[in-house]
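Each chain, written out:
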Amino acid sequence: MEFQLNEEQRMWQEMVRDFCQNELKPRAAQTDQEGRLPLDIIKKMAPLGLLSLPVPEQDGGPGLDTISAAVAIEELGRACGSTALSVAAHNGLCVAPLVAFGTAAQKAAYLPQLTSGDGLGALALTEPGAGSDLAGGVQTTATLEGDGWVINGSKAWITNPSLAPLIITLCRTDRAAGTRGFSQIIVPTGAPGLTINPPEKKMGLKGSPTHMLTYDNVRAPSANLLGEPGRGLQQTLITLDGGRIGIGAMAVGLAQAALDEATRYAKDRRTFGQPLSQHQAIQWMIADMSTEIEAARLLVYQAAWLKDQGKNFTKAAAMAKLFASEAAERAAFKAIQIHGGYGYSSEFPVERIYRDQRLLTIGEGTSEILRMVISRQMLNN
Ligand SMILES: Cc1cc2nc3c(=O)[nH]c(=O)nc-3n(C[C@H](O)[C@H](O)[C@H](O)COP(=O)(O)OP(=O)(O)OC[C@H]3O[C@@H](n4cnc5c(N)ncnc54)[C@H](O)[C@@H]3O)c2cc1C
């Protein structure tokens, strides 16, 4: 076994880290306060390959392995949670299924628009009445009429649609067919009848736009079916397995940022005649944070490695996201504790990190659903 990144992965990590620390991190507080992504910086990500992480070379992408993609999302998370979520969702939830299930014509038509830096892609699964239970709850329908789909319904909590050229939308296409009765349809955001409602007011990740969508007789050509008819739910689950590696990586990045800030502060701040870092209670918190971050990072890399080996990585991705997101919660809590009263102030980054990481035990599979996924694989039921 090799427990370190290879030469190519290390060079990639260094390049992405420099970009994120120099360009993105200095704007993170402003991004949060203004509730707007730094679109000029996102534009600069396109030539670096950060907006086409899952795209192979033959489709015009950087041809990265999944560990390198995870490394990139981790570095984004370490610098700016809002940007990391939007870029992770773009790559993991929109570009990835297009690469995995799209036809040559769909890839040729949509990948260039998605990866140019002029916008970010979106995937719409969740609805006002359906989150964890998509199979039981999705009500949005798509009906074939003539040479196109007619879509009706609403979606909730969707990342990036206001910036997206297209939204991959999970629809019910055959109610009688149960879990084989869903399809994914590529919906251009300019389609008449599609309304992108005002952005949600959120606790954290405030720069990442989240919207409710309404589809009122929205038409999409029949050629916009993504993948196989009736396999939309199965394609969604495959996509979420990959997306969970990205969210796990983002959690590692946010936890690392919390540790970076806590370490710096503990060396500066003095109480009882010595720096905080000399008190054993503080040292133990730093030790616990470091240990859990390292464990989380290894779980993320393992899931990414299994994916690249073509092995089943459902359980590994669920474990990585479950552990990393809960470790990020504990790390952010301790980072605020180490800052004392100052940690409660928006003047210090740990306050933002604490709010930003909170989503990560919820989006792309809650901790409860992930425990179900893991135990199902263990118990075979
Ligand atoms: C900022 C943000 C961005 C998002 N981006 C996207 C996006 O881009 N695309 C998209 O489609 N969705 C997105 N979502 C939605 C997200 O994926 C859902 O919120 C998530 O899947 C949970 O669904 P829910 O909110 O409906 O909660 P519910 O499914 O209603 O769950 C509520 C609670 O009950 C628990 N629960 C549910 N069922 C069980 C059970 N069987 N056993 C035990 N506990 C259970 C859950 O774990 C949770 O704690 C986003 C959400 C947020 C907040």
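Residues numbered from 1 in each chain as written. Predicted model: local features only at pLDDT ≥ 70, side-chain atom pairs only at ≥ 80, totals over all residues. Heavy atoms only, no water.

Undergrad: Explain the packing of aromatic side chains to me, please; I cannot follow it from the model alone.
TA: In this description, a pair of aromatic rings is defined by centroid distance and the angle of the planes. Per the stated rule, a full pass over the model turns up 2 aromatic pairs. Consider the rings of Tyr 265 and Phe 348, whose centres lie 5.9 Å apart with planes at 90°: the pair is edge-to-face. Here Tyr 265 is found in helix 8 (residues 232-268), whereas its partner Phe 348 is found in the loop between helix 10 (314-339) and helix 11 (349-357), with 83 residues between them in sequence. Tyr 265 sits in the buried class, given a relative accessible area of 12%. Counting every residue linked through ring pairs, the aromatic cluster contains Tyr 265, Tyr 342 and Phe 348. Here the guanidinium or amino end of Arg 330 rests over the ring plane of Phe 323, the centre of that ring lying 5.9 Å away. (Phe/Tyr/Trp six-rings, centres within 6.5 Å; stacked < 30°, edge-to-face > 60°. Helix = DSSP H or I, 4+ residues; strand = E, 2+ residues; numbered from the N terminus. Buried < 20%, exposed > 50% of the residue type's maximum accessible area, 1.4 Å probe, protein only. Lys NZ or Arg CZ within 6 Å of the ring centre and 35° of its normal.)

Undergrad: Any chance you could explain the site of the ligand here in plain terms?
TA: The local shell around the ligand holds 18 residues, among which Thr 126, Ser 132, Trp 157, Thr 366 and Glu 368 are the closest. Backbone polar atom of Trp 157 to a nitrogen atom of the ligand: 2.9 Å apart, as the coordinates give it. Taking Thr 159, its side chain carries an N or O atom lying 2.8 Å from a nitrogen atom of the ligand. In the complex, the protein chains occlude 64% of the 990 Å² of accessible area that the ligand would expose alone. Put simply, the parts of the chain that give the shell around the ligand at least two residues each are strand 1 (122-124), strand 3 (148-159) and helix 12 (367-379). When residues in the shell around the ligand are grouped by element, the largest group, 3 residues, is from strand 3. Each residue belonging to the shell around the ligand can be placed in one class, and the counts come to 8 nonpolar, 7 polar and 3 charged. (Near = heavy atom within 4 Å. Polar contact = N/O pair within 3.5 Å; in protein donor to acceptor, adjacent residues only side chain to side chain. Areas by Shrake-Rupley, 256 points an atom, 1.4 Å probe, with all protein chains shown as cover. Nonpolar A, V, L, I, M, F, W, Y, C, P; charged D, E, K, R; others polar.)

Undergrad: For this particular structure, what's the right way to read helix 11?
TA: Spacing of three or four residues puts side chains on the same side of an α-helix, whose turn is 3.6 residues. With 7 of 9 residues buried, helix 11 is to be regarded as a mostly interior element. Residues of helix 11 that are buried include every one of Val 350, Glu 351, Arg 352, Ile 353, Arg 355, Asp 356 and Gln 357, and no others. Its buried side turned inward, helix 11 meets helix 2 (28-34), helix 4 (66-79), helix 5 (81-101), helix 8 and helix 10. (Contact = heavy atoms within 4.5 Å.)

Undergrad: Would you mind showing me how to read the packing of helix 1 (residues 7-24) against helix 3 (residues 39-48) here?
TA: Each pair of packed helices can be summarised by the angle the axes make with each other and by the distance between the axes. Put simply, helix 1 and helix 3 touch, their axes get as near as 12 Å, and they point 165° apart. Classified by the angle their axes make, helix 1 and helix 3 are roughly antiparallel. As helix 1 packs across helix 3, the resulting crossing turns out to be right-handed. Counted together, Trp 12, Met 15, Phe 19, Glu 23 and Leu 24 of helix 1 and Ile 41, Lys 44, Met 45 and Leu 48 of helix 3 form the full contact between these two elements. Within the contact of helix 1 with helix 3, the residues separate by chemical class into 7 nonpolar, no polar and 2 charged. (Axes fitted to C-alpha atoms, helices over the stretch in contact; angles between N-to-C directions. Parallel < 35°, antiparallel > 145°, perpendicular 65-115°, else oblique. Left-handed = near helix turned anticlockwise from the far one by under 90°.)

Undergrad: Please clarify how unusual backbone geometry should be interpreted in this entry.
TA: Where the residue is not glycine, phi is negative for most of them; where a peptide bond is considered, it is trans in most cases. In the Ramachandran plot, Leu 205 falls in the positive-phi region, its phi being about 50° despite a non-glycine side chain. Note on placement: Leu 205 falls in the loop between strand 6 (194-196) and strand 7 (210-221). In this structure, Asn 217 takes a positive phi of about 50° despite not being glycine. Given a relative accessible area of 46%, Asn 217 falls into the partly exposed group.

Undergrad: Any chance you could explain the packing of helix 1 against helix 4 here in plain terms?
TA: Close contact between helix 1 and helix 4 brings their axes to 9 Å; oriented N to C, the two are set at 20°. With respect to each other, helix 1 and helix 4 are oriented roughly parallel. Remark: the crossing between helix 1 and helix 4 carries right-handed chirality. On the side of helix 1, the interface is formed by Gln 9, Trp 12, Gln 13, Val 16, Arg 17, Cys 20, Gln 21 and Leu 24, while helix 4 contributes Ile 67, Ser 68, Val 71, Ala 72, Glu 75, Leu 76, Arg 78 and Ala 79. Taken together, the residues that form the contact of helix 1 with helix 4 break down as 9 nonpolar, 4 polar and 3 charged.

Undergrad: Which parts of the structure should I look at to understand the environment of Leu 225?
TA: With respect to the secondary-structure elements, Leu 225 resides in strand 8 (residues 225-226). On the basis of relative accessible area, Leu 225 is assigned to the buried category, the value being 14%. C-alpha separation for the pair Leu 225 and Ala 46, spaced 179 residues apart in sequence, amounts to 26 Å. Once you skip the residues sitting within four places of it in the chain, Leu 225 turns out to touch Gln 106, Trp 149, Ser 183, Gln 184 and Ile 185.

Undergrad: Which parts of the structure should I look at to understand the side chain of His 279?
TA: Examined against the element boundaries, His 279 turns out to sit in the loop between strand 10 (274-275) and helix 9 (280-308). A polar side-chain atom of His 279 sits 2.8 Å from a polar atom in the side chain of Thr 271. If we ignore the near neighbours within four places in the chain, the residues touching His 279 are Thr 271, Phe 272 and Gln 274.

Undergrad: Any chance you could explain the pairing of strand 4 (residues 166-172) here in plain terms?
TA: Within a regular beta strand, the side chains point alternately toward one face of the sheet and then the other, so they alternate between its two faces. For strand 4, the buried fraction is high: 7 of the 7 residues fall into the buried class. Taking every second residue as pointing to the same face, both faces of strand 4 are buried, with Leu 166, Ile 168, Leu 170 and Arg 172 on one and Ile 167, Thr 169 and Cys 171 on the other.

Undergrad: What should I look at first to understand helix 12 in this one?
TA: An ideal rise of 1.5 Å per residue puts 18 Å on 13 residues; helix 12 measures up with 18 Å between its terminal C-alpha atoms. Looking at helix 12, one finds that the buried residues are Ser 367, Leu 370, Val 373 and Ile 374. Along helix 12, the residues classed as buried sweep out an arc of 120° about the axis, all on the same side. When the buried face of helix 12 is taken as reference, the exposed residues oriented beyond 90 degrees from it are Glu 368 and Leu 379. (Expected span 1.5 Å × (residues − 1). Arc of directions from axis to C-beta.)

The analysis is restricted to geometry; functional conclusions fall outside its scope.
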